[in-house]
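# Commentary on secondary and tertiary structure
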Amino acid sequence: MRRGPADRTYFALLAACALVVPLLLGAVVAYAVHGASPLLADGGAASLVGSTWSPSRGLYGALPAIAGTLVTSLLALLIAAPLGLGVAITVAELAPPGTRGPLGALVDLLAAIPSVVFGLWGVLVLVPWLRDPVMPFLRDTLGLGALPFFRGVAYGPSVLAAALVLAIMVLPYVAAVSREVIATVPVPMREAALAVGATRWEMLRDVVLPAARTGLVGGLLLGLGRALGETMAVTMVIGNRHALSASLFSPGYTLASVIANEFGEARDERHLAALLSLALVLLAVTLVVNAAARLLVRRAVAA
Amino acid sequence: MSTSVLAGTPDAPRARSAALAPRLRWRIVRSALVLGAAVMGTGLALLPLLSILAHLAVTGWAAVGTALVTDVPQPIGVEGGGLGNGIAGSLLLVGLAALACVPVGVGAGLWVHEHRGTRAASALTFLADVLNGVPSIVIGITAWALLVRTTGRFSALAGAAALAMVAIPLVLRATSDVLAQVPRTLWEAGLALGYPRWRAGLTVVLATARTGVATGVLVALARIAGETAPLLFTAFGSLYWALDPRGPVAALPLQVYNMALSPFDAWRALAAAGALLLVVGVAGASVAARRALARLEGRA
């Protein structure tokens, strides 16, 4: 098609807008790499492998923060996955048509609540509730204190509190994606299963869920990506201590929380570089998880 | 896949009533049990939401009053105080961010629409999704490096830039999704009338979808209005009425964060009131807009 000068301007402007996206992504990655380079260049990444974080002594062992990030996120996903799937099945398959809209709106509301509000609720409601009665109940009444995961003093702010808040926060994402991919399974496949005598649960287990498998895994990864990078709510309830501990009752740290707490006060270049190294680790992990999640969900919804 | 469905199929009609009846009954009971668990799980999942809403309504409501929007936070021991500077600061930040993210996001969404089906368009959508997945604290650091470190001061502009970076992929996705709903024949009709491409794109496609685009923009702006992490090292926060875009400003989510962690009951009550405002104004608007969008797209 012949294009006049106005059309050329139009397409040039749109292309300029479109270019902003890769440029921003490039800027994010470039600055994280650039900022981390002073630390990574001298001493190398090896200085991050350690469990002592003490800027005053020049020690930047990031293992507690890395472990805290992984433990809180995976535990959150472990809790949110079955519940999210339950919500998706309920909203998509079980709820009477009239109640599906309101139920979906409530789940959407959970997804729309700002992170800092979850943090506030965590500080004022969840943490006191965990301190007494939940933690003593788990440790003493149920006798789980025999395991290394439920030992120690019940302060309240803890890895457990962070994992629970994260679970609540990622649940609506898992539920929304699951609902979407479950809805893409063709109705004739369901009808065929019911026609040969399957119960509703057998239809879901043997036909719908296997067909939606790719998308369900994608939804979980999307939730994982959210959980790994979540900052405010976690920072407010995790207790913020650089320590490795097997116990979920003990305070911990995550990569994002360390950055949130220390970045504003980092004066010397090495401390700043250490924090940016944490940001780089966090960025790399979330980029991989998110890219994988998007590819899986896209394939599932397109198929 | 289908073996277990067929496993219960009787070999002979006579066997059915005698041997398979208990098994069939068990299958029906199991189905009811599992699906009942799904419904109970839904209830369990919504319990925290109810707890949050109830807690904010009780503790936050006490601090709601005209002072909440007209006053700034008072020192400990002084009666009253409000979050007026934070509300104004948040409006300033979101307004400035909108100036950047709305034209860029809508333009990029329109670019995706004009090139739909090409490799470039799907690559850009993918990159936008990846950018959307970047932790917002890392976005904050990038904005700090670009606009705070270089200028030597925290500023509302830097905060707004960080928020715009969060919002651009959201606006892009919303725009391109809504434009995909516009019938292609409408666009072709415009071209057939002799419209140049720009006119068909703007006055036919974009104009037809304007309600949906506006709703998508609203959802994105509601989302950034509640963001805290990108503002920590950019807008920084302030205890005063500071609304100069070149200097640090207060923001409602930052105030909620700082006051929630303070040991003073009066500040915690203010934090709860601020959180109540965020839930009602931000999350409420977002959900309402999302529902409207779903109706527009014929999904609900």
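Here the residue index of a chain counts from 1 through its sequence in written order. Chains carry letters from A onward and ligands carry numbers from 1 onward, assigned in written order. The model is predicted, so local features are restricted to residues of pLDDT at least 70 and side-chain atom pairs to those at 80 or more, both for listing and for counting; the totals for chains, interfaces and linings are taken over all residues. Calculated side-chain values reflect all of the structure's heavy atoms, with hydrogen atoms and water omitted.

## What about the overall build of chain A?
Along the backbone of chain A there are 11 helices and 2 strands. Only runs of H or I of at least four residues qualify as helices and only runs of E of at least two qualify as strands under DSSP, and these elements are numbered from the N terminus. What you see in chain A, going N to C, is helices and strands ordered as α-β-β-α-α-α-α-α-α-α-α-α-α. Overall, the C-alpha framework of chain A stretches about 75 × 70 × 30 Å when taken along its three principal axes. For chain A, contacts bridging at least 24 residues in sequence account for 73% of all contacts bridging at least 6. By definition, residues are in contact when any of their heavy atoms lie within 4.5 Å.

## Some thoughts on the overall build of chain B
When you go through chain B residue by residue, the secondary structure sums to 12 helices and 0 strands. In chain B, the succession of helices and strands from N to C terminus is α-α-α-α-α-α-α-α-α-α-α-α. Each radius of gyration reported is based on C-alpha atoms, and the globular scaling rule is 2.2 Å times the count of residues to the power 0.38. Scaling as 2.2 N^0.38, a compact globule of 300 residues should have a C-alpha radius of gyration of about 19 Å, whereas chain B reaches 26 Å, well beyond that. Each principal axis of the C-alpha atoms in chain B carries an extent, and together these give about 85 × 65 × 35 Å. Within chain B, the fraction of its 300 residues that count as buried is 50%. Contacts in chain B between residues at least 24 apart in sequence constitute 72% of all its contacts with a sequence separation of at least 6. Positive: Lys, Arg. Negative: Asp, Glu. His and the chain ends are not part of the count. To locate a charge, take atom NZ for lysine, CZ for arginine, CG for aspartate or CD for glutamate. Looking at chain B, you have 22 positive and 11 negative side-chain charges, and the mean spots of the two groups are 13 Å apart. The classification of residues rests on relative accessible area computed with a 1.4 Å probe and restricted to protein chains. Under 20% of the type maximum is buried, over 50% is exposed, and intermediate values are partly exposed.

## Remarks on the pattern of salt bridges
Salt bridges, as used here, are contacts in which a Lys or Arg side-chain nitrogen is within 4 Å of a carboxyl oxygen on Asp or Glu. Tallied over the full model, the rule gives 13 salt bridges over all chains. Linking arginine 190 of chain A and glutamate 93 of chain A is a salt bridge whose minimum nitrogen-to-oxygen distance equals 2.3 Å. Taken together, the residues span a long stretch of sequence, with arginine 190 of chain A in helix α6 (residues 187-195) and glutamate 93 of chain A in helix α2 (residues 63-94) at a distance of 97 residues. Each of the two residues, arginine 190 of chain A as well as glutamate 93 of chain A, counts as buried. A salt bridge links arginine 184 of chain B to glutamate 188 of chain B; its shortest N-O distance comes to 3.3 Å. One end of the pair, arginine 184 of chain B, and the other, glutamate 188 of chain B, are both in helix α8 (residues 184-192), 4 residues apart, so they sit about a helical turn from each other. Since its relative accessible area comes to 36%, glutamate 188 of chain B is described here as partly exposed. By sharing partners, the salt bridges in this structure join Glu202 of chain A together with Arg27 and Arg30 of chain B into a single network.

## Thoughts on the nonpolar core
Formed by 174 residues in total, the largest nonpolar core has its most connected members in Val117, Phe118, Leu120, Phe263 and Leu278 of chain A together with Leu56 and Ile137 of chain B. No other element matches helix α7 (residues 156-179) of chain B, which puts 15 residues into this core. Excluding residues that lie within four positions of it along the chain, leucine 120 of chain A makes contacts with Met236 of chain A together with Leu56, Val256, Ala260, Ala271, Ala272 and Ala275 of chain B. Only buried Ala, Val, Leu, Ile, Met, Phe, Trp, Tyr and Cys residues count toward a nonpolar core, and they belong to the same one when joined by side-chain atoms within 4.5 Å. Residues Val185, Leu204 and Val207 of chain A together with Leu35 of chain B belong to the second largest nonpolar core, which totals 18 residues.

## Digging into the packing of helix α4 (residues 115-141) of chain A against helix α11 (residues 252-260) of chain B
Relative to each other, α4 of chain A and α11 of chain B sit at 15°, their axes nearing to 9 Å. It follows that α4 of chain A is roughly parallel to α11 of chain B by the angle criterion. Here α4 of chain A runs over α11 of chain B; the crossing is left-handed. When α4 of chain A is examined against α11 of chain B, the residues Val116, Leu120 and Val123 of chain A are found in contact with a partner set consisting of Pro253, Val256, Tyr257 and Ala260 of chain B. When the residues that make up the contact of α4 of chain A with α11 of chain B are grouped by side-chain class, the tally is 7 nonpolar, no polar and no charged. Angles shown run from 0 to 180 degrees and are taken between the N-to-C directions of axes, each axis being a line fitted to C-alpha atoms and, for helices, limited to the stretch in contact. Roughly parallel refers to an angle under 35 degrees, roughly antiparallel to one over 145, roughly perpendicular to one between 65 and 115, and oblique to any angle outside these ranges. Crossing chirality is assigned from the near helix's rotation relative to the far helix, an anticlockwise turn below a right angle marking it left-handed and a clockwise turn marking it right-handed. When residues are sorted by character, Ala, Val, Leu, Ile, Met, Phe, Trp, Tyr, Cys and Pro go into the nonpolar class, Asp, Glu, Lys and Arg into the charged class, and all the rest, Gly among them, into the polar class.

## A few points about the interface of chain A and chain B
Each partner contributes to the interface: chain A provides 83 residues, whereas chain B provides 84 residues. Here the quantity called buried area is the total loss of accessible area, with a 1.4 Å probe, experienced by two parts when brought into contact, counted for both. Between chain A and chain B lies a buried interface of about 7400 Å² when both sides are counted; carbon and sulfur atoms form 77% of it. It is Tyr10, Val21 and Leu120 of chain A in chain A that bury the most area against chain B; as a group they hold 8% of the surface buried on that side. Between the two partners, chain A and chain B, sit 4 salt bridges. Ionic pairing is found between glutamate 202 of chain A and arginine 30 of chain B, a salt bridge with its closest N-O pair at 2.9 Å. Each polar contact in these results corresponds to two N or O atoms within 3.5 Å; when the atoms are within protein, one needs to be able to donate a hydrogen and the other to accept it, and residues that are neighboring in sequence are counted only if both atoms are side-chain atoms. Linking chain A to chain B there are 16 residue pairs in polar contact (both at pLDDT 80 or more). No other element matches the 16 residues that helix α1 (residues 5-41) of chain A contributes to the side of chain A that touches chain B. Split by residue class, the side of chain A that touches chain B holds 59 nonpolar, 13 polar and 11 charged.

## Here's the deal with unusual backbone geometry
Cis peptide bonds are those with omega within 30 degrees of zero, and the linkage from aspartate 132 of chain A to proline 133 of chain A qualifies with 20°. Within the secondary structure, proline 133 of chain A is located in helix α4. In this model, phenylalanine 236 of chain B sits at a positive phi of 70°, which is unusual for a non-glycine residue. By secondary structure assignment, the location of phenylalanine 236 of chain B is in the loop between α10 (210-225) and α11. Judged by its relative accessible area of 44%, phenylalanine 236 of chain B falls in the partly exposed class.

## Thoughts on the confidence of the model for chain B
Note: predicted coordinates in regions of low pLDDT should not be interpreted at a detailed level. Residues and elements named next belong to chain B. Each residue gets a pLDDT score, which is the predictor's confidence in that residue and runs from 0 to 100. The predicted model of chain B has a mean per-residue pLDDT of 89, with 92% of residues at 70 or higher. Ignoring residues within four places in sequence, the model shows residues 1-15, a span with pLDDT below 50, making 14 contacts including any to other chains. Overall fold confidence (pTM) sits at 0.92, and the ipTM for the predicted complex is 0.93.

## Quick word on the packing of aromatic side chains
Any two rings among Phe, Tyr and Trp, with Trp reduced to its six-membered ring, count as a pair given centres within 6.5 Å; such a pair is stacked if its planes are under 30 degrees apart, edge-to-face if over 60, and tilted if neither. Tallying each qualifying case throughout the model produces 7 aromatic pairs over all chains. Through pairs of rings, three or more aromatic residues link up here, namely Phe263 of chain A together with Trp144 and Phe233 of chain B. Over the aromatic face of tyrosine 195 of chain B sits the side chain of arginine 199 of chain B, whose NZ or CZ is 4.6 Å from the ring centroid. The rule is short: NZ of Lys or CZ of Arg within 6 Å of the ring centre and within 35 degrees of the ring normal puts a charge over the ring.

## Here we look at the packing of helix α11 (residues 269-302) of chain A against helix α6 (residues 136-148) of chain B
The description of two helices packed together rests on the angle between their axes and the distance between the axes. Where α11 of chain A meets α6 of chain B, the axes come as close as 10 Å, and the angle between the chain directions of the two elements is 135°. As judged from the angle between their axes, α11 of chain A and α6 of chain B are oblique. Here the hand of the crossing between α11 of chain A and α6 of chain B comes out left-handed. Judged by residue contacts, Leu272, Leu276, Ala279, Leu282 and Leu283 of chain A of α11 of chain A engage Ile137, Val138, Ile141 and Trp144 of chain B from α6 of chain B. Here the contact of α11 of chain A with α6 of chain B is composed, by residue class, of 9 nonpolar, no polar and no charged.

## A look at helix α5 (residues 119-133) of chain B
Here, expected helix span is obtained from the residue count minus one, scaled by 1.5 Å. Between its terminal C-alpha atoms α5 of chain B stretches 21 Å, which fits the 21 Å expected from 15 residues at 1.5 Å a residue. Those residues of α5 of chain B not exposed but buried are Ala121, Leu124, Thr125, Ala128, Asp129, Val130, Leu131, Asn132 and Gly133 of chain B.

## Points about a nonpolar patch on the surface
Only residues whose relative accessible area exceeds 30% and that form no salt bridge enter a patch; like-charged residues are grouped when within 9 Å of one another, and nonpolar side chains (Val, Leu, Ile, Met, Phe, Trp, Tyr) when within 5 Å. Surface accessibility follows the Shrake-Rupley procedure with a 1.4 Å probe radius. Residue values consider only the protein chains on display as shielding. A grouping of Val49, Leu63 and Leu244 of chain A is seen on the molecular surface, where their side chains present a nonpolar patch of about 270 Å² in accessible area. Tracing the backbone through its elements, the reader meets leucine 244 of chain A in the loop between α9 (232-237) and α10 (255-262).

## Here's the deal with the side chain of glutamate 262 of chain A
Residue and element names in this part refer to chain A. Mapped onto the elements of the fold, glutamate 262 is located in helix α10. Judged by its relative accessible area of 12%, glutamate 262 falls in the buried class. Within the structure, the side chain of glutamate 262 is placed 3.0 Å from the side chain of tryptophan 53, a separation counted as a polar contact. The residues touching glutamate 262, leaving out its near neighbours within four places in the chain, are Trp53, Pro55, His242, Tyr253, His271 and Leu275.

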